[in-house]
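# Structural features, examined
Listed below are the residues making up each chain.
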Amino acid sequence: DTAVSQTPKYLVTQMGNDKSIKCEQNLGHDTMYWYKQDSKKFLKIMFSYNNKELIINETVPNRFSPKSPDKAHLNLHINSLELGDSAVYFCASSQESLTGVAYNEQFFGPGTRLTVL
Amino acid sequence: KNQVEQSPQSLIILEGKNCTLQCNYTVSPFSNLRWYKQDTGRGPVSLTIMTFSENTKSNGRYTATLDADTKQSSLHITASQLSDSASYICVVSGGYQKVTFGTGTKLQVIP
């Protein structure tokens, strides 16, 4: 009964390829996120998405695109992979308050380690 | 620029000892501050969350404090256990979906 799951756990691919990482949450949350954790263990938010709006961190290249087929899923598509995309990618979800303040606990998935060769 | 700085970067302590991790932030406006624990190879797990009006919150052997005036927070771990070995991340929210992560403190508890 995993709360937030991601697949695959490891992804090794060649530069220039297009790949996807899947994320699913069974918590009934209304907001999902994608984070990138680099080699220095610094976590940086890439996207947050609920059924109303997608908020994109302006520093994220447009090669990255989130796609949400339904409320429980937020997949991450990456086009034309580059060496610098190598990192661990975490999906998370939370139930945000009606006031719009990010108060509630975020539950993280186990991460996907992406290696671009 | 919104920043969250943590100290020390890394820490080694003996099992059973106490330790305190520090977090200073410049995020404004301020909504809440959270401490996460991240075990190696896993996603972060929330330990505590505090809003502007809260100055202390406990979760078992973990006690977080917040001084919103000086923009400082600390995480105190009592009677450390080997399982406390992890990275501890301070996260400050400045509003809806405006979240700034600290770089973390890597704690190693040795027998």
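As a reminder, the structure under discussion sits directly above these lines.
A brief report on the enclosed structure follows. Here the residue numbering is sequential within each chain, running from 1 through the sequence in written order. Just so you know, chain letters begin at A and ligand numbers begin at 1, following the order they were written in. Only residues with pLDDT of at least 70 get local features here, since the model is predicted, and only at 80 or more are side-chain atom pairs given and counted; chain-wide, interface and lining totals rely on the full set of residues. The basis for the side-chain values is all heavy atoms of the structure; hydrogens and waters are excluded.

## So, the overall build of chain A
- Secondary structure elements follow DSSP: runs of H or I no shorter than four residues count as helices, runs of E no shorter than two count as strands, and numbering proceeds from the N terminus. Of regular secondary structure, chain A possesses 0 helices and 11 strands.
- Note on method: radius of gyration uses C-alpha positions; expected globular size equals 2.2 Å times residues raised to 0.38. Taken against the 2.2 N^0.38 rule, which gives 13 Å for 117 residues, the C-alpha radius of gyration of chain A at 14 Å falls within 12% of a compact globule.
- Referenced to the eigenvectors of the C-alpha coordinate spread, the extents of chain A come out at roughly 45 × 35 × 30 Å.
- A simple rule labels every residue: compare its accessible area, found with a 1.4 Å probe on the protein chains alone, to the largest value its type can have, and call it buried under 20%, exposed over 50%, or partly exposed in between. Within chain A, the proportion of its 117 residues that are buried is 44%.
- Any pair of residues with heavy atoms lying within 4.5 Å of one another is described as a contacting pair. Taking the intrachain contacts of chain A between residues at least 6 apart in sequence as the baseline, contacts between residues at least 24 apart amount to 57%.
- For the area figures, the Shrake-Rupley method with a 1.4 Å probe applies, and any residue is considered shielded solely by the protein chains shown. Just so you have it, chain A exposes about 6,100 Å², and 53% of that area is on carbon and sulfur atoms.
- The distance from the centre of the 12 positive side-chain charges to the centre of the 12 negative ones in chain A is 7 Å. We treat Lys and Arg as the positive residues and Asp and Glu as the negative residues; His and chain ends play no part in the count. Every charge is mapped onto a representative atom, which is NZ of Lys, CZ of Arg, CG of Asp or CD of Glu.

## Quick notes on the pattern of salt bridges
- Should a side-chain nitrogen of Lys or Arg be within 4 Å of a carboxyl oxygen of Asp or Glu, the pair is scored as a salt bridge. Inspection of the entire model under this criterion finds 5 salt bridges over all chains.
- Between Arg63(A) and Glu82(A) there is a salt bridge, and its shortest N-O distance comes to 3.5 Å. Placement of Arg63(A) in the loop between strand 6 (54-56) and strand 7 (64-67) and of Glu82(A) in the loop between strand 8 (75-78) and strand 9 (87-94) is noted, with a sequence separation of 19 residues between them.
- Judged by relative accessible area, Arg63(A) falls into the buried class, the value being 13%.
- Two residues, Asp39(B) and Lys37(B), come together in a salt bridge whose shortest N-O distance is 3.9 Å.

## With respect to the interface of chain A and chain B
- Taken together, the contact between chain A and chain B spans 24 residues of the former and 23 residues of the latter.
- Simply put, the buried area is the total loss of 1.4 Å probe accessible area from both parts when two parts are fitted together. Both sides of the chain A and chain B interface together cover about 1,900 Å² of buried area, and 54% of this is carbon and sulfur.
- Our enumeration of links across chain A and chain B arrives at 0 salt bridges.
- Two N or O atoms count as a polar contact when they lie within 3.5 Å, although within protein this holds only if one can serve as hydrogen donor and the other as acceptor, and sequence-adjacent residues are included solely when both atoms are side-chain atoms. Counting across the interface, chain A meets chain B through 1 residue pair in polar contact (both at pLDDT 80 or more).
- Residue assignment for the side of chain A that touches chain B shows that the elements contributing at least two residues are strand 4 (31-37) and strand 5 (43-50) of chain A.
- Here the side of chain A that touches chain B is built from residues that sort into 11 nonpolar, 8 polar and 5 charged. Polarity classes work like this: nonpolar for Ala, Val, Leu, Ile, Met, Phe, Trp, Tyr, Cys and Pro, charged for Asp, Glu, Lys and Arg, and polar for all others, with Gly in that last group.

## With respect to the packing of aromatic side chains
- Geometry of aromatic contacts follows a simple scheme: Phe, Tyr and Trp rings, the Trp one being its six-membered ring, pair when their centres are within 6.5 Å, and the pair is stacked under 30 degrees between planes, edge-to-face over 60, tilted otherwise. All chains considered together, the criterion is met by 8 aromatic pairs over all chains.
- Ring centres of Phe108(A) and Tyr36(B) lie 5.5 Å apart, and the angle between their planes is 85 degrees; this geometry places the pair in the edge-to-face category. One end of the pair, Phe108(A), is in strand 10 (residues 107-108); the other, Tyr36(B), is in strand 4 (residues 32-38), on a second chain. Neither residue differs from the other here; Phe108(A) and Tyr36(B) are each classed as buried.
- Three or more aromatic residues link up through ring pairs in this structure, and these residues are Tyr33(A), Tyr35(A), Phe90(A), Phe108(A), Tyr36(B) and Phe101(B).
- The residue whose ring lies beneath Arg61(B) is Tyr62(B), and the NZ or CZ to ring-centre distance is 5.7 Å. Charge over a ring is defined by NZ of Lys or CZ of Arg lying within 6 Å of the ring centre and within 35 degrees of the ring normal.

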